[in-house]
Amino acid sequence: PHLAALVLARGGSKGIPLKNIKLLAGVPLIGWVLRAASDAGVFHSVWVSTDHDEIEKVAKQFGAQVHRRSPEVSQDSSTSLEAIREFLNHHHEVDIVGNIQATSPCLHPSDLIKVADLIQKEGFDSVFSVVRRHQFRWSEVKKGENKMTEPQNLNPAKRYRRQDWPGELYENGSFYFAKRHLIEKGYLQGGKMAYYEMRAEHSVDIDIDIDWPIAEQRVLSFGYFGKEPLKEVKLLVCSIDGCLTNGRIYVTEDQKEMVSYDYRDLVGIHLLKKRGIQVRLISDRDCSKTLSAMQLGCIAKVSATNKLQVLEDWQKDIGLSWKEVAYLGNEESDVECLKKAGMSGVPADACAVAQKAAGYICKSSGGCGAIREFAEHIFLLLEKVNSARKQ
């Protein structure tokens, strides 16, 4: 049976404009679940259903196919079931739909693999995700009602300790898998049903703005970053023009060049060195005089006609694996380096092809704190590596 992953990503989000492609920990929100779906290896196809050009562009960057949903199922009042049924009407080859919520950035491929087995090998018609919560519930008393609240799942005289109570299962909305015949009858849950319990730390759902900074910390701690295990970064290579500087060159009347840089980026370089991470600089033009004036104390290669060759030479000379190399670039000439490095980033104003190749997109522009921001991202991931080692 053809199992398709389907992510519904409407452009008109009421809470957070274009929430589905807003950057979360340097990655478009929808990119987290698309990466997990792709790496799970259980889907015959991965789709995004959208009505928005920018969302379509991001979906394709992450390797998904795009179904352009009609205006009829793109309204505020439209339901997920309506959008899924429309998708099936256009894709008769699909037998099972794995509807994955774009707002669940801590989803892991291992969860999707197990759910696919429940559907394909154990014969369930529908499977949905839940999370275990330890919350005591009380009945609601509406304003004006002359009655008292009542306990719903506890005896106040004998309150459970958390460790003595298994808790309750709640839908967390991460995914709903269902066979075609159920969906065509108007159900996402039905037939032979099963729930799949997700780990609490992987159960993240973004609905309102206040969730965003919390979700970023959760993703950095518990998110899925790809098939290869993270390693400690030991070298950061940074493009000079457009990353260390804003890319502008000022020429005086006596034909001397001047550039500007941000003091925060110098602090970022200093902090990286303090953590034992080498910082090297690269440029495809001759800016040796400018570098000398900056007094950064970093090894640099200017007039580099082949940045990738320089990066490979440095990587081999130091004796590092690619997972131990980070690269910050912003132009087409940086794309191959961004693809090769274990950790890659670009400033907010990098060109489109560089953004597509990068794993992290900074909120800051080049020459305006992007290096400091990328350094902070590296430090957070180092904490994740160290945490994994302790475990």
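Conventions adopted
- Residues numbered from 1 in each chain as written.
- Predicted model: local features only at pLDDT ≥ 70, side-chain atom pairs only at ≥ 80, totals over all residues.
- Heavy atoms only, no water.
- Pairing = 2+ DSSP bridges.
- Helix = DSSP H or I, 4+ residues; strand = E, 2+ residues; numbered from the N terminus.
- Right-handed = clockwise from strand over helix to strand, strands pointing away.
- Polar contact = N/O pair within 3.5 Å; in protein donor to acceptor, adjacent residues only side chain to side chain.
- Contact = heavy atoms within 4.5 Å.
- Buried < 20%, exposed > 50% of the residue type's maximum accessible area, 1.4 Å probe, protein only.
- Core = buried A, V, L, I, M, F, W, Y, C linked by side-chain atoms within 4.5 Å.
- Domains from an automatic or database assignment.
- Axes fitted to C-alpha atoms, helices over the stretch in contact; angles between N-to-C directions.
- Buried area = accessible area lost by both parts, 1.4 Å probe.
- Salt bridge = Lys/Arg side-chain N within 4 Å of Asp/Glu carboxyl O.
- Nonpolar A, V, L, I, M, F, W, Y, C, P; charged D, E, K, R; others polar.
- Expected span 1.5 Å × (residues − 1).
- Arc of directions from axis to C-beta.

Looking at the pairing of strand β5 (residues 65-68)
Step number 1: Pairing of strand β4 (residues 45-50) with β5 involves four bridges; the strand directions are parallel. Bridge assignment links threonine 50 to a residue of β5, and that residue is arginine 68.
Step number 2: The parallel pair β4 and β5, bridged by helix α2 (residues 53-61), forms a crossover whose chirality is right-handed.

Quick notes on the side chain of serine 239
Step number 1: Residue placement: serine 239 occurs in strand β10 (residues 235-239).
Step number 2: At a separation of 3.4 Å, a polar atom in the side chain of serine 239 contacts the side chain of lysine 307.
Step number 3: Aside from chain neighbours lying at most four places away, what touches serine 239 is Leu244, Ile282, Lys307, Tyr327, Leu328, Gly329, Asn330 and Asp334.

Considering unusual backbone geometry
Step number 1: The phi torsion at serine 303 lies on the positive side, around 55°, for a residue other than glycine.
Step number 2: Relative accessible area serves as the criterion here: at 39%, serine 303 is assigned to the partly exposed category.

Side note on the nonpolar core
Step number 1: Leu281, Phe374 and Ile378 are the most contacted members of the largest nonpolar core, which totals 44 residues.
Step number 2: Ranked by residue count, the leading element in this core is helix α13 (residues 370-390), at eight residues.
Step number 3: Taken domain by domain, the makeup of this core includes at least three residues from each of domain 1 (3-134 + 166-222) and domain 2 (235-389).
Step number 4: Judged by nonpolar contacts, the second largest core, of 37 residues, contains Ala40, Val58, Leu112 and Met198.

Regarding the pairing of strand β1 (residues 3-8)
Step number 1: Most of β1 is tucked away: six of the six residues are buried.
Step number 2: Relative to strand β6 (residues 96-100), β1 is paired through five bridges, and the arrangement is parallel. Bridging from a neighbouring strand, leucine 6 pairs with asparagine 99 of β6.
Step number 3: Here β1 pairs with β4 via five bridges, running parallel. When the bridges of β4 are listed, leucine 6 appears paired with tryptophan 47.

Let's talk about the sheet that holds strand β13 (residues 278-282)
Step number 1: The strand order across the open sheet built from six strands is β14-β13-β10-β15-β16-β17, with neighbouring strands paired in parallel fashion. Strands at the two margins of the open sheet, each flanked by one partner only, are β14 (299-301) and β17 (360-361).
Step number 2: For β10 and β13, the ladder comprises five bridges, and the chain directions are parallel. The residue bridging serine 239 from the neighbouring strand is isoleucine 282, located in β13.
Step number 3: Running over the sheet, helix α10 (residues 307-318) touches β10, β13, β14 and β15 (325-328) and is turned about 155° from β13.

Remarks on the domain arrangement of the protein chain
Step number 1: Taken domain by domain, the protein chain holds domain 1 (3-134 + 166-222) and domain 2 (235-389).
Step number 2: Taking only C-alpha atoms, the centre of domain 1 and the centre of domain 2 are 35 Å apart.
Step number 3: Counting residues at the interface gives 10 residues for domain 1, matched by 10 residues for domain 2.
Step number 4: With both chains or domains summed, domain 1 and domain 2 bury close to 840 Å², and 59% of this area falls on carbon and sulfur atoms.
Step number 5: Here domain 1 and domain 2 share one salt bridge between them.
Step number 6: Salt-bridge contacts for glutamate 216 lead to lysine 363; the nearest nitrogen and oxygen are separated by 3.8 Å.
Step number 7: It is helix α6 (residues 211-222) that provides the largest number of residues to the side of domain 1 that touches domain 2, a total of five residues.
Step number 8: Its residues assigned to classes, the side of domain 1 that touches domain 2 shows five nonpolar, four polar and one charged.

Examining α6
Step number 1: The end-to-end C-alpha separation of α6 is 16 Å, in line with the 16 Å expected for 12 residues at 1.5 Å each.
Step number 2: Of all the residues in α6, the buried ones are Trp212, Ala215, Glu216, Val219 and Leu220. Taken end-on, α6 shows its buried residues confined to a sector of 135°, consistent with a single buried face.

Observations regarding the environment of lysine 273
Step number 1: Inspection of the secondary structure puts lysine 273 in helix α8 (residues 263-274).
Step number 2: The exposure class assigned to lysine 273 is partly exposed, which follows from its relative accessible area of 34%.
Step number 3: Separated by 20 residues in the primary sequence, lysine 273 and glutamate 253 place their C-alpha atoms 37 Å from one another.
Step number 4: Apart from the residues lying within four places of it in its own chain, the contact partners of lysine 273 are Val279, Leu296, Gly297 and Cys298.
Step number 5: In this structure the side chain of lysine 273 is engaged in a polar contact, spanning 3.0 Å, whose partner is the backbone oxygen of glycine 297.

Details of the sheet that holds strand β9 (residues 193-198)
Step number 1: One open sheet holds the seven strands; their spatial order is β5-β4-β1-β6-β8-β7-β9, and the pairing between them is mixed. Looking along the sheet, the strands with just one partner apiece sit at the ends: β5 and β9. Across this sheet, the average inter-strand angle for adjacent strands is 30°, counted without regard to direction.
Step number 2: Direction of pairing for β6 relative to strand β8 (residues 168-179): antiparallel, over a ladder of five bridges. Looking at the pairing, asparagine 99 lines up with tyrosine 176 of β8.
Step number 3: Those strands touched by helix α4 (residues 109-120) are β1, β6, β7 (126-133), β8 and β9, and its axis lies near 65° from that of β8.

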